[in-house]
Amino acid sequence: MMELFEMMLTTGLWASVIRIATPLIFATLGELICERAGVLNLGIEGIMTIGAMAGWIWVYQGGDLWGGIVFAAIVGMIFGFLHSLLVVYLGVSQHVSGIGITLLASSISYYAYTLLIPFSTTPPKIVPFSVFEIPILSSIPVIGQALFHQSALTYLSYILVGVTFFVLHKMPIGLTIRMAGENPVANEAQGINVLLIRTGAVMAGSALMAIGGAFLTMSAFDAFYFGMINGRGWICVALVIFASWKPGKAFLGAILFALFEALQIRAQLIGADVIPYQIFSMMPYFLSILAMMLVARKATYPKALLIPFRQGDRI
Amino acid sequence: MKKLQFSEICKSFGSVVANDNISLSLDEGEILSLLGENGAGKTTLMNILFGHYVSDKGFIEVEGKKLAPGSTRASLDAGIGMVHQHFTLADNLTVLENIILGTEPLTRFWSQKKQAYIKLQELSERFGLLINPDARIADLTVGEKQRVEIIKALYRDASILILDEPTAVLTPQESEHLFKVLKGMVKAGLSIMFISHKLNEILEISDRIVVLRHGKLVGEVATKNASKESLAEMMVGRKVTRPAYEKLKKGKAVVELNDVSLNAKEGSTSLSNINLTIHEKEIIGLAGVAGNGQAGLASILQGLASPSSGELKLFGERLNKYGPSYLTESGVARIPEDRTNEGVIGEMEIWENFLGEELRSKSKSGFFIDKKQAVSSAEKLIKEYDIRCEGPHASTRLLSGGNIQKLILARSLSNNPRFIIANKPARGLDEGAISFVQQQIVNAKTKGAGVLLISEDLDEIFELSDRIAVIFDGKIQGPFDSNKVNINQVGLMMSGEMKQNSIYEN
């Protein structure tokens, strides 16, 4: 127990917490924006995969790092648009379409990767985003080095938490997005095009998901692997509920999950002789389920989530 | 110049003509009532006005300027505000957020809530519509939600206000307040169009009345020349007779509720210590605003829920066994609130729906359905209750609301029940069907049944009931003899503002 407590105070642990959390922050914010507009986007897992692939390939082919991020975001938006086409305009079940998007986007990623990259036993690597320190802030004890000795993408994720909050809660456009998820008829009664608002939100959210995926290949692992998203997208769907659709809480939720994850990696090293390591890898998910049971029971869903809206559907 | 002018509006959906050459106008500073039954074309006309539909022919002018068809924005910009029957509000957002939605350009960087706040305060004081701008919509009462809808229209500087069945959800006192507010608005220069099928209100509030029937404009009268009877006749197209009230000597108790409580699931109201006795040959009217425990009480009496505590006696015997089939077999007839979902199975044929409640007693050797017999008895009931359909094999889904209700009545009343639980039996029906349904209930009473009539329509309650009870927040007051209370007192009890002992001890 003491050991665990001491570990909690090390900068090394928190630095890895932030690294694990960054892609989750991007993708959770993305999912949050979609759901605030009333659209569940289960394409998240696939969109993260294709974002990871697209960003990486851009750099591997000689493009610049930020160009790779923009490329990943655009690819994400294309799949977001495909999802909106199906669920917003055609009113297809959001679950079915989302899972379809995930399967399609992941398969395309692997296919493109095998086509473009010659087979080798060690996947080729790129030069990732470099770490840079933010002066002053990084000298705060323990968390200073963890929070502010990271790559630019991580800083971008912090900023996006604030931006998402500002857009959703302070700007007129955010009010219409939230209204699209609560009572789209109210939007229509004010002459606002619900379908357009929903499509825009899904595309913007999907771009963030793709950037979350790109973080993995462009800042964390430097290479693209098969199955590298490994359920992170699904975790983000749960995190949105955990966060009650609030950006600040989504940030905290991502950090919490990342803490479980970082702790279990360390626990594996310590206790692997006694307990099979699979038990430890299971822990974050187990703890997330527990956390969900405590928090999410009282969650108030956006009222129009999952409900297709058809123009002229009358009141 | 007319404030608002509809000219020769025509609109059909397939072969159904919803609006047939309708021309009408709204003058400045008047309250015009639009009267008509369900399906008369009122809603279609309003949807055309708001650009949700485009009319096949005809046009609309606001202050002499033609209104662009098919554009909600254009109608709002022309100064038309609409208070929908089903509120277009978001429960999880605040009053202020609901009101400013769409009033700011979407490209604006920072929502200017402070100014909105001030304007909102001003409006609510000026028109006597008090509301807390920071409250969540979910925490408001129905009356307050409507206030938000009205302020929403005023906030957009509407000079024409359209209210679609605004009193359907209000208590009599709330309605009264609304009328006062509306009259104040007219004085301030607004023009109001009031859509309703409640004759009393229309006579009270409006300056002029136009009547729609089957998509056609069939009459226009100044309110001072109109009477309830003449309006009803215009609306329905023939004379409407309401069942006559007759007091009978009441018999034995059929249902006794002693200290019955029900811990309700989330989202509905719990019942606490209900005491109520219903006798043979009497109708007890249960008045109350929806959501005050009627659903819980009805589900207990239909056998769908068992009380958490207390005693329920049915026909003099303590009831230990619940379950709808047991209750139906012992002589309880049910007219459920949600007739299309709870009352019938739409995908099944009419004869199958007749059979639904007596599957066991009408089957051969308890195993096979005697289809021949079932179909022929369905045929008989269809004739007897005048259910308009193609025959016993027609799909139930295709029936109109009134005919579905007749089917339910035929099914439950033909077995001469001893107790009838009628939950809003006339809601949403047109005048003709209402008088039929009410007559059937009165006939059942004459034959000896006890009836619990749950309704939000106080006119209906007062016309039919021998005694009246009021439900508020899961508690019952009364019952009182119906000639010893008035509509005003019942209204106050419905909103929890009056306690029964101030009337008389029962």
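Treat the numbers as computed from the prediction; the structure is a model and nothing was measured.

Q: Residue-level account of the packing of helix H3 (residues 44-60) of chain A against helix H10 (residues 194-220) of chain A, with values.
A: Residues and elements named next belong to chain A. Put simply, H3 and H10 touch, their axes get as near as 6 Å, and they point 55° apart. Considered as vectors, H3 and H10 are oriented oblique to each other. In this structure, the crossing between H3 and H10 has a hand that is right-handed. Along its contact with H3, which presents Ile44, Ile47, Met48, Gly51, Ala52, Gly55, Trp56 and Val59, the element H10 presents Ser206, Met209, Ala210, Gly212, Gly213, Ala214, Thr217 and Met218. Looking at the contact of H3 with H10 residue by residue, the classes come out as ten nonpolar, six polar and no charged.

Q: Tell me what's going on with the confidence of the model for chain B, and back it up with residues and numbers.
A: With 96% of its residues at a pLDDT of at least 70, chain B reaches an overall mean of 85. Within chain B, the element-level pLDDT minimum falls on strand E17 (residues 363-364) of chain B, averaging 58, and the maximum on helix H3 (residues 95-100) of chain B, averaging 94.

Q: Tell me about the interface of chain A and chain B, residues and numbers included.
A: Contacts between the two partners involve 26 residues from chain A and, on the opposite side, 30 residues from chain B. Taken together, both faces of the contact between chain A and chain B bury some 2500 Å²; the carbon and sulfur share is 64%. The interface formed by chain A and chain B holds two salt bridges in total. Mapped onto the side of chain A that touches chain B, the elements with two or more residues apiece are helix H7 (152-170), helix H8 (172-182) and helix H9 (184-189) of chain A. In terms of residue count, the dominant contributor to the side of chain A that touches chain B is H8 of chain A (seven residues). The residue makeup of the side of chain A that touches chain B, split by class, is 13 nonpolar, seven polar and six charged.

Q: Describe in detail a nonpolar patch on the surface, supporting the description with residues and values.
A: All names here are of chain A. A cluster of nonpolar residues, Phe81, Leu85, Tyr89, Leu90, Val92, Val96 and Leu196, forms a patch on the protein surface that exposes about 640 Å² of accessible area. Per-element accounting of the nonpolar patch gives the leading share, three residues, to helix H4 (residues 65-89). For Leu90, the position within the fold is in the loop between H4 and helix H5 (94-116). Assessed through its relative accessible area of 56%, Leu90 is described here as exposed.

The rules behind each value
- Residues numbered from 1 in each chain as written.
- Chains lettered and ligands numbered in written order.
- Predicted model: local features only at pLDDT ≥ 70, side-chain atom pairs only at ≥ 80, totals over all residues.
- Heavy atoms only, no water.
- Axes fitted to C-alpha atoms, helices over the stretch in contact; angles between N-to-C directions.
- Helix = DSSP H or I, 4+ residues; strand = E, 2+ residues; numbered from the N terminus.
- Parallel < 35°, antiparallel > 145°, perpendicular 65-115°, else oblique.
- Left-handed = near helix turned anticlockwise from the far one by under 90°.
- Contact = heavy atoms within 4.5 Å.
- Nonpolar A, V, L, I, M, F, W, Y, C, P; charged D, E, K, R; others polar.
- pLDDT = per-residue confidence, 0-100.
- Buried area = accessible area lost by both parts, 1.4 Å probe.
- Salt bridge = Lys/Arg side-chain N within 4 Å of Asp/Glu carboxyl O.
- Patch = residues over 30% accessible without salt bridge, like charges linked within 9 Å, V, L, I, M, F, W, Y side chains within 5 Å.
- Areas by Shrake-Rupley, 256 points an atom, 1.4 Å probe, with all protein chains shown as cover.
- Buried < 20%, exposed > 50% of the residue type's maximum accessible area, 1.4 Å probe, protein only.

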